[in-house]
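Results of the structural survey
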Amino acid sequence: SADASGGGVQLEGLLSTCDSLRCKVRSQPYKLYNFILEGQPANRYCNDAPPLFDGWKSGPQSCQDACELDVACGHASVWPQYHYGLHWCRLTRTCESKRYTKWKVSVYKKE
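Residues numbered from 1 in each chain as written. Predicted model: local features only at pLDDT ≥ 70, side-chain atom pairs only at ≥ 80, totals over all residues. Heavy atoms only, no water.

1. Structural notes on the environment of Asn47
The test is simple: Numbering of helices and strands runs from the N terminus, with a helix taken as a DSSP run of H or I at least four residues long and a strand as a DSSP run of E at least two residues long. Here a residue-residue contact requires only that any non-hydrogen atoms of the pair lie within 4.5 Å.
Tracing the sequence through the fold places Asn47 in the loop between β4 (42-46) and β5 (53-57). Note: C-alpha distance between Asn47 and Arg93 (46 residues apart in sequence) is 10.0 Å. Every residue in contact with Asn47, bar those within four places of it in the chain, is listed here: Arg90, Ser97, Lys98 and Arg99.

Set out below in structure tokens:
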């Protein structure tokens, strides 16, 4: 059926034209978190161990979506686009420990 907001066709609670978790989650009691960029991208990332996830994602939103779905996740560190258009993503519980990197990394806090 057509979505009243004009966002696309709704299939079992999902919008077919949206790749963002913010469009796909349709249940009323579910509250989406906000992700706040902590300062400007810098040569450091959250190094708390062990990471909840440490791998490639399609972009900052995809990394934040992974953090959104992990109750334990508190921070998402996202590297600039690099490998075949992908971004390295590291999810951690906190950001108490930071580590230097040669890349300008964006660190987002889940609130």
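2. Comments concerning the pairing of strand β8 (residues 98-110)
Applicable threshold: Strands were regarded as paired on the criterion that DSSP finds at least two bridges between them.
Summarising the sheet, strand β3 (residues 35-37) and β8 pair through three bridges and their orientation is antiparallel. In the sheet register, Leu37 faces β8, and the bridge partner there is Tyr108. Pairing analysis gives four bridges linking β4 to β8, with the strands arranged antiparallel. Counted as the bridge partner of Tyr45 is Arg99 from β8. Judged from the four bridges that link them, strand β6 (residues 75-78) and β8 form a sheet pairing that is antiparallel. Looking at the pairing, Val78 lines up with Ser106 of β8.

3. Re the pattern of salt bridges
Let me state the cut-off plainly: By definition, a salt bridge exists where a carboxyl oxygen of Asp or Glu is found within 4 Å of a side-chain nitrogen of Lys or Arg. Categorising residues by exposure relies on relative accessible area from a 1.4 Å probe, with only protein chains included: less than 20% of the type maximum marks a residue as buried, more than 50% marks it as exposed, and the intermediate range marks it as partly exposed.
Enumeration over the complete set of coordinates arrives at one salt bridge. Close ionic contact of Arg90 with Asp54 constitutes a salt bridge, the shortest N to O distance being 3.0 Å. Placement of Arg90 in strand β7 (residues 87-92) and of Asp54 in strand β5 is noted, with a sequence separation of 36 residues between them. On the basis of relative accessibility, which here comes to 8%, the residue Arg90 falls in the buried class.

4. Quick notes on the state of the cysteines
The test is simple: Here, two cysteine sulfur atoms that lie within 2.5 Å of each other are counted as a disulfide.
Scanning the model with the defined rule gives three disulfides in all. Between the sulfur of Cys46 and that of Cys95 lies a disulfide, 2.0 Å long from S to S. The chirality of the disulfide connecting Cys46 with Cys95 is left-handed, given an S-S dihedral of about -95 degrees. Residue Cys46 is located in strand β4, and its partner Cys95 is located in the loop between β7 and β8; the two are separated by 49 residues in the primary sequence. Cys95 carries the same exposure label as Cys46, and that label is buried. Between the sulfur atoms of Cys63 and its disulfide partner Cys89 the distance amounts to 2.0 Å. Negative torsions about the S-S bond denote left-handed disulfides, and the value of about 75 degrees found for Cys63 with Cys89 makes this one right-handed. Of this pair, Cys63 sits in helix α2 (residues 60-69) while Cys89 is found in strand β7, placing the two residues 26 residues apart along the sequence. When its relative accessible area of 0% is taken as the criterion, Cys89 is described as buried.

5. Remarks on a nonpolar patch on the surface
Here is the rule: Candidates for patches are residues over 30% relative accessible area with no salt bridge; among them, like charges are joined within 9 Å and nonpolar side chains (Val, Leu, Ile, Met, Phe, Trp, Tyr) within 5 Å. The Shrake-Rupley method, run with a 1.4 Å probe, gives the accessible areas here. Residue values count only the displayed protein chains as cover.
Judged by side-chain polarity, Trp56, Tyr82 and Trp103 come together as a nonpolar surface patch covering roughly 340 Å² of accessible area. By secondary structure assignment, the location of Trp56 is in strand β5. Judged by relative accessible area, Trp56 falls into the partly exposed class, the value being 35%.

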